[in-house]
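Observations on chain architecture
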Number of protein chains: 2
Amino acid sequence: MLITSKSNPLIKTVSSLADKKFRRKTGVYLVEGVKSVKECIASGCDVRTVVCTEDHAPSFPEATFVSDSVFSSISCEKTPQGVIAVVKIPDYGLKPPSGNCLLLDCLQDPGNLGTVLRTANAAGYTEIYMINCTDPYSPKAVRASMSGIFFVKLYFGTREAVLSALDGVPIICADMEGENIFGFVPPDKFCLCIGNEGGGISAEVMERSTHTVKIPMRETCESLNAAVSAGIAMYALKNNK
Amino acid sequence: MLITSKSNPLIKTVSSLADKKFRRKTGVYLVEGVKSVKECIASGCDVRTVVCTEDHAPSFPEATFVSDSVFSSISCEKTPQGVIAVVKIPDYGLKPPSGNCLLLDCLQDPGNLGTVLRTANAAGYTEIYMINCTDPYSPKAVRASMSGIFFVKLYFGTREAVLSALDGVPIICADMEGENIFGFVPPDKFCLCIGNEGGGISAEVMERSTHTVKIPMRETCESLNAAVSAGIAMYALKNNK
């Protein structure tokens, strides 16, 4: 069966998932593109449906097939590849970390957030706590994570709840006023905190920090891109031992 | 005098500068936004004209003033602030580096390129050689550089000419097959090379490399964002001494 109508209920559901409100209501999100969907399936994520154009039948025989124009209507990409998956948003509850972890405080740009998840997976920071961040399950953030989101655990909560889950864990804040990160030897187990693009780390989290570290910069530079500084800090702390 | 017509010759020139062909022909580029234009002027760049809406007269008294609708027609931003400058593209010729430098080989995304310039300025890699890259003077790249482009020297040339300017300088290529960058002690003076987003470093540059280094990653991750890996590599090499 080929779906050719945009008013088909499945198509309407898939379309709605570009919107955070509907992702929250339904507990699922979208993964788009051949490579991403394949990696999502291989990673063991709970894939509910794959929707494809017919040319992808050899790779995704179990998919629901739609016409090109219906696919265009659900795609979030400028140049749709013809494959999209509906995937369950995992719920890990909110618990203390088992290893080194990341705390993201009010990160607002979906591209930055996705890039941070990509780097966190690469660097082995697989438990990521989020306070007031942009939704990591938006199509833009998922795309920027380049499948990294399938391999990390995301924890959500109010600032109080998150800080309470991190009780007893040293929190290292990346901040302009900190000590040089390249001379800093972190404690055995720690949480690295990255703040908002413009405003940095919130006062409440700062107050809970046990260390603050900075990436040294020439005086002609005011700040680094949030995803770049997160990457530099994650790798520096990992390798400063 | 207030310019209210989009067919004014200055306005037509400014509009044309979003296009690489006209930047190359005229040797100037655009800098947009209050902060960026102020930093551009303060950095000593050769600012040819500032075009503003009238509300910016207190900050830019020497500017040429235009109506809001004319400004919208020349702006490259989604939410125009009402200030744009026409700035001369500096020509540093093509000469050997005086300190540690960067070689960008076929970097294609303007956002990545601008972010690399921002980080390079921060980390003190102020001489940057480019082979077949996207134009760093495009509005998108300039914006992503967050004023970093005003503080670094950009060198352009064919692959042969650039490699010849780097004659005798150790070239460290960032590549998946290299040795772990975090155990690597670089030579006293070096050139760090970053390759294309998808394809990596070209065979011709690889052949000239004296060292290859990699950023270690978990096996679930295939690659890092180009701007993030450039940032990690720049700071790692700088601090591994």
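What this report covers is the structure whose coordinates are included nearby. (Residues numbered from 1 in each chain as written. Chains lettered and ligands numbered in written order. Predicted model: local features only at pLDDT ≥ 70, side-chain atom pairs only at ≥ 80, totals over all residues. Heavy atoms only, no water.)

1. Considering the environment of Asp-167 of chain B
How we decide: Segments assigned H or I by DSSP are reported as helices when at least four residues long, segments assigned E as strands when at least two residues long, and all are numbered from the N terminus.
One can find Asp-167 of chain B in the loop between helix H7 (159–165) and strand S9 (171–180). Along the backbone, Asp-167 of chain B and Gly-199 of chain B are 32 residues apart, and their C-alpha atoms lie at a distance of 24 Å.

2. A look at the side chain of Thr-115 of chain A
Short version of the rule: Throughout, exposure labels follow a simple rule: accessible area from a 1.4 Å probe, protein chains only, divided by the maximum for the residue type, with under 20% read as buried, over 50% as exposed, and the rest as partly exposed. Here a polar contact means two N or O atoms within 3.5 Å. Within protein one must be a hydrogen donor candidate and the other an acceptor candidate, and residues neighboring in sequence count only if both atoms are side-chain atoms. Here, residues are in contact when the closest pair of their heavy atoms is within 4.5 Å.
Inspection of the secondary structure puts Thr-115 of chain A in helix H5 (residues 110–123). Residue classification places Thr-115 of chain A among the buried positions, given a relative accessible area of 9%. At 2.8 Å, the side chain of Thr-115 of chain A and the backbone oxygen of Gly-111 of chain A are in polar contact. Those residues in contact with Thr-115 of chain A that lie beyond four places of it in its chain are Ala-144, Ser-145 and Ala-227 of chain A together with Asn-225 and Val-228 of chain B.

3. A word on the relation of the copies chain A and chain B
This is how it is decided: Only residues with pLDDT of at least 70 in both copies count here: their C-alpha atoms drive the least-squares fit that superposes the copies.
Turning chain A through 180° and shifting it by 0.0 Å along the axis lays it on chain B, with an RMSD of 0.0 Å. With respect to symmetry, the two chain copies, as superposed, fit the operation of a two-fold axis. Mapped onto chain B, 100% of the interface residues of chain A again fall at the interface, so both copies present the same surface.

4. Comments concerning unusual backbone geometry
Here the phi dihedral of Asn-132 of chain A falls at roughly 50°; this positive angle occurs in a residue that is not glycine. Within the secondary structure, Asn-132 of chain A sits in the loop between strand S7 (127–131) and helix H6 (139–145).

5. What to know about the packing of H5 of chain A against helix H9 (residues 226–239) of chain A
All names here are of chain A. Selection rule: Helix axes use the C-alpha atoms of the stretch in contact, all axes being lines fitted to C-alpha atoms, and the angles between their N-to-C directions lie in the range 0 to 180 degrees. Here is the rule for angles: anything less than 35 degrees is roughly parallel, anything more than 145 is roughly antiparallel, 65 through 115 is roughly perpendicular, and the remaining ranges are oblique. For any helix crossing, the convention is left-handed if the near helix is rotated counterclockwise from the far helix by under a right angle, and right-handed if that rotation is clockwise. When residue character is reported, Ala, Val, Leu, Ile, Met, Phe, Trp, Tyr, Cys and Pro are called nonpolar, Asp, Glu, Lys and Arg charged, and the others, Gly included, polar.
One way to put it is that H5 packs onto H9 with a least axis distance of 9 Å and a crossing angle of 15°. Comparing the axis directions of H5 and H9 gives the class roughly parallel. Every pair of crossing elements has a handedness; the one defined by H5 and H9 is right-handed. Contacts between H5 and H9 involve Asn-112, Thr-115, Val-116, Thr-119, Ala-120, Ala-122 and Ala-123 from the former and Ala-226, Ala-227, Ala-230, Gly-231, Met-234, Tyr-235 and Lys-238 from the latter. Class assignment for the residues of the contact of H5 with H9 results in nine nonpolar, four polar and one charged.

6. Some words on the nonpolar core
Applied cut-off: Think of a nonpolar core as a cluster: buried Ala, Val, Leu, Ile, Met, Phe, Trp, Tyr and Cys residues, connected wherever their side-chain atoms sit within 4.5 Å.
With 106 residues, the main nonpolar core has Leu-104 of chain A together with Leu-104 of chain B as its most contacted residues. Each residue touching Leu-104 of chain B, except ones within four places of it in the same chain, is listed here: Leu-113, Val-116, Ile-128, Tyr-129, Met-130, Ile-131, Cys-133 and Ile-194 of chain B.

7. Things to note about the packing of aromatic side chains
Short version of the rule: A pair of Phe, Tyr and Trp rings is counted when the ring centres sit within 6.5 Å of each other, with Trp represented by its six-membered ring. The angle between the planes then sorts it: under 30 degrees is stacked, over 60 is edge-to-face, the rest tilted.
In this structure the tally under the stated criterion is 14 aromatic pairs over all chains. Taken together, a centroid distance of 5.7 Å and an interplanar angle of 0° make the contact between Tyr-235 of chain A and Phe-182 of chain B stacked. With Tyr-235 of chain A in helix H9 and Phe-182 of chain B in the loop between S9 and strand S10 (191–194), this pair bridges two chains. Ring centres of Tyr-137 of chain B and Phe-156 of chain B lie 6.5 Å apart, and the angle between their planes is 40°; this geometry places the pair in the tilted category. Here the residue Tyr-137 of chain B occupies a position in the loop between strand S7 (127–131) and helix H6 (139–145), and Phe-156 of chain B occupies one in strand S8 (residues 153–156), the gap between them amounting to 19 residues. Residue classification places Tyr-137 of chain B among the buried positions, given a relative accessible area of 5%.

8. Observations concerning the interface of chain A and chain B
Just so we agree on the cut-off: Here the quantity called buried area is the accessible surface, traced with a 1.4 Å probe, that two parts lose on coming together, added over both. Take a side-chain nitrogen of Lys or Arg and a carboxyl oxygen of Asp or Glu: if they are within 4 Å of each other, that pair is a salt bridge.
Between chain A and chain B, the contact holds 27 residues from the first and 27 residues from the second. Both sides together, the interface formed by chain A and chain B hides about 2300 Å², and carbon and sulfur atoms give 59% of it. Together, Arg-118, Arg-218 and Tyr-235 of chain A form the three largest contributors to the area buried by chain A at its contact with chain B, with a combined 24%. Across the pair Glu-222 of chain B and Lys-35 of chain A runs a salt bridge, and its minimum N-O distance is 2.8 Å. Of all the elements in the fold, those that place two or more residues in the side of chain A that touches chain B are helix H3 (34–42), H5 and H9 of chain A.

9. Concerning the sheet that holds strand S3 (residues 47–53) of chain B
Strands belonging to one sheet form pairs held by backbone hydrogen bonds; the direction of such a pair is parallel or antiparallel. Residue and element names in this part refer to chain B. Selection criterion: Strand pairing requires that DSSP identify at least two bridges connecting the strands.
As summarised here, the arrangement of the five strands in space is S1-S4-S3-S5-S2, forming an open sheet in which the pairing is mixed. Bordering the open sheet on either side are strand S1 (2–3) and strand S2 (28–32), each of which pairs with just one other strand. Running over the sheet, helix H1 (residues 9–16) touches S1, S2, S3, strand S4 (64–66) and strand S5 (83–88) and is turned about 105° from S3.

10. Topic: empty space enclosed by the protein
One way to see where empty space is left: roll a probe the size of a water molecule over the atoms. Residues and elements named next belong to chain B. Worth spelling out the cut-off: Grid points spaced at 1 Å over the protein atoms alone were grouped into cavities, where a 1.4 Å probe fits but cannot get out, and pockets, open sets with protein on both sides within 12 Å along at least five of seven lines, with lining residues defined by an atom within 4 Å of a point. Grid points are joined across faces, edges and corners, and a volume is the space filled by probe spheres set on the points.
All chains considered together, the criterion is met by one cavity of 30 Å³ or more. Space inside the largest cavity adds up to approximately 110 Å³. What lines the largest cavity is simply Leu-30, Val-31, Glu-32, Ser-36, Cys-76, Glu-77, Pro-139, Val-142, Arg-143, Met-146, Ser-147 and Phe-150. Of all elements in the fold, only S2 and H6 reach the threshold of two or more residues within the lining of the largest cavity. Residue composition of the lining of the largest cavity, grouped by class: seven nonpolar, two polar and three charged.

On their own, these measurements won't tell you what the molecule is for.
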